[in-house]
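Here is what each chain is made of, one letter per residue.
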Amino acid sequence: MLDRAPVIDRGVSVQGASPVRVDSQTSWDMILAHRDMVADQLGIGTSNQFTVDEYALQCRSASLAASMGAAHITSRGIHQVAVNLHSTVSKVEGEFKKAKVLDIGCGEGKLGNELERKARANVTYLDKDEDSVNAIQTRRGAKYVEDAIRLPFKDGEFTKTIGLYAAHVWTVDPVDSLVALLEQLRVTSQGGTALTIPLFNNILMRQDVLAHRDLARWRGLETEEDQEPSAIAQKVWDLRDYLVATTLNLLAEEGYIDMTWASFIGNGATAKRQLETYSGILDIKKPIDKDLISDLTSGAEEAVYSADASNK
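Anyway, here's the lowdown on the structure attached to this text. Computed from a predicted model, the values in this text were never measured in an experiment.

1. What to know about the pairing of strand 4 (residues 158-164)
Residues in a regular strand project their side chains so that they alternate between the two faces of the sheet.
Part 1 of the reasoning: Taking burial as the measure, the seven residues of strand 4 include six buried ones, the bulk of the element.
Part 2 of the reasoning: Examined bridge by bridge, strand 1 (residues 100-104) and strand 4 share four bridges and lie parallel to one another. By the bridge assignment, Asp103 is partnered in strand 4 with Ile162.

Here it is, written out as structure tokens:
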């Protein structure tokens, strides 16, 4: 089984703690620090709040399309899961042993196939790309061509769910990205586990961009660069991170989930490509139903599309 070190509070001392505890706590501290920085820069809760419009979504879509062009070098198998979780293949296999599993954004099913063979898991495959789903070879697994923000399953249907470079990473709209995560949590049973690999990425890499924004703001300036499509796309990405981190913090504080975080900074499993990822092992303590998701989504929509805010 994968190692756990649940966190809620920030800044807890990890002196003398296990490597898993150190990684989980320091990753969560970094995620919250990142959230607070982007909330300040985007003016969350102020009259000058950055809000998302159609142009901003177009900028984010173009940015994601460019990233997807290089995504083929990322393996979707058990080895990549272990790399991102700083774990071992054997522990990943033990985590999924004989489990009822939903593989969200399964692609052509490499991960699910390995879980079927090596962990004897009962895997359900889901992806919105029909050709990829049709290409999956499975003896006993069900296959669905569906969007991850509208999962066609009942609450708590699966003991294990996994999103490996899935919708919560590639969804353009920040609210839809949050909903994709919440839907994964909804269909994961109480006592079960949702793995999100990764849930945040490139936090350190983006610090230069954030520092540049701060400098311009302190000077009372907004440079032309801040209105370029890449800068707008970055703000949409930052807003997505704010929504996800804030919601997870709330769910942990209210006892719905336990969170263990795993960071990975280095090369991927199948190519010499630098990765900086923060993945969550989210254990479900209390059921997350559609009513709760509706409430959380309403709050997120207000933050993203508030009529009283204007793009800055």
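Still more to cover.
2. Topic: the packing of aromatic side chains
Part 1 of the reasoning: By the definition in use, this model includes four aromatic pairs.
Part 2 of the reasoning: Both rings, one in Trp28 and one in Trp261, keep their centres 5.7 Å apart while their planes meet at 10 degrees; by these two values the pair is stacked. Of the two residues, Trp28 sits in helix 1 (residues 19-42) while Trp261 sits in strand 6 (residues 257-267), which places them 233 residues apart along the sequence.
Part 3 of the reasoning: A relative accessible area of 0% means that Trp28 is categorised as buried.

3. Re unusual backbone geometry
Working note: non-glycine residues mostly have negative phi, and peptide bonds are mostly trans.
Part 1 of the reasoning: In this model, Ile197 is joined to Pro198 through a cis peptide bond whose omega is -15 degrees.
Part 2 of the reasoning: By the element assignment, Pro198 lies in strand 5 (residues 188-201).
Part 3 of the reasoning: Non-glycine residue Lys98 carries a positive phi angle of around 55 degrees.
Part 4 of the reasoning: Along the chain, the position of Lys98 falls in the loop between helix 4 (89-95) and strand 1.
Part 5 of the reasoning: Residue Lys98 is classed as exposed on the basis of its relative accessible area of 57%.
Part 6 of the reasoning: Although it is not a glycine, Arg120 adopts a positive phi angle of roughly 50 degrees.

4. Details of the side chain of Asp241
Part 1 of the reasoning: The topology assignment puts Asp241 in helix 10 (residues 229-253).
Part 2 of the reasoning: In this structure Asp241 touches His34, Phe200 and Arg206, once residues within four positions along its chain are discounted.

About the cut-offs
- Residues numbered from 1 in each chain as written.
- Predicted model: local features only at pLDDT ≥ 70, side-chain atom pairs only at ≥ 80, totals over all residues.
- Heavy atoms only, no water.
- Buried < 20%, exposed > 50% of the residue type's maximum accessible area, 1.4 Å probe, protein only.
- Helix = DSSP H or I, 4+ residues; strand = E, 2+ residues; numbered from the N terminus.
- Pairing = 2+ DSSP bridges.
- Phe/Tyr/Trp six-rings, centres within 6.5 Å; stacked < 30°, edge-to-face > 60°.
- Contact = heavy atoms within 4.5 Å.

Nothing here speaks to function; it is all geometry.
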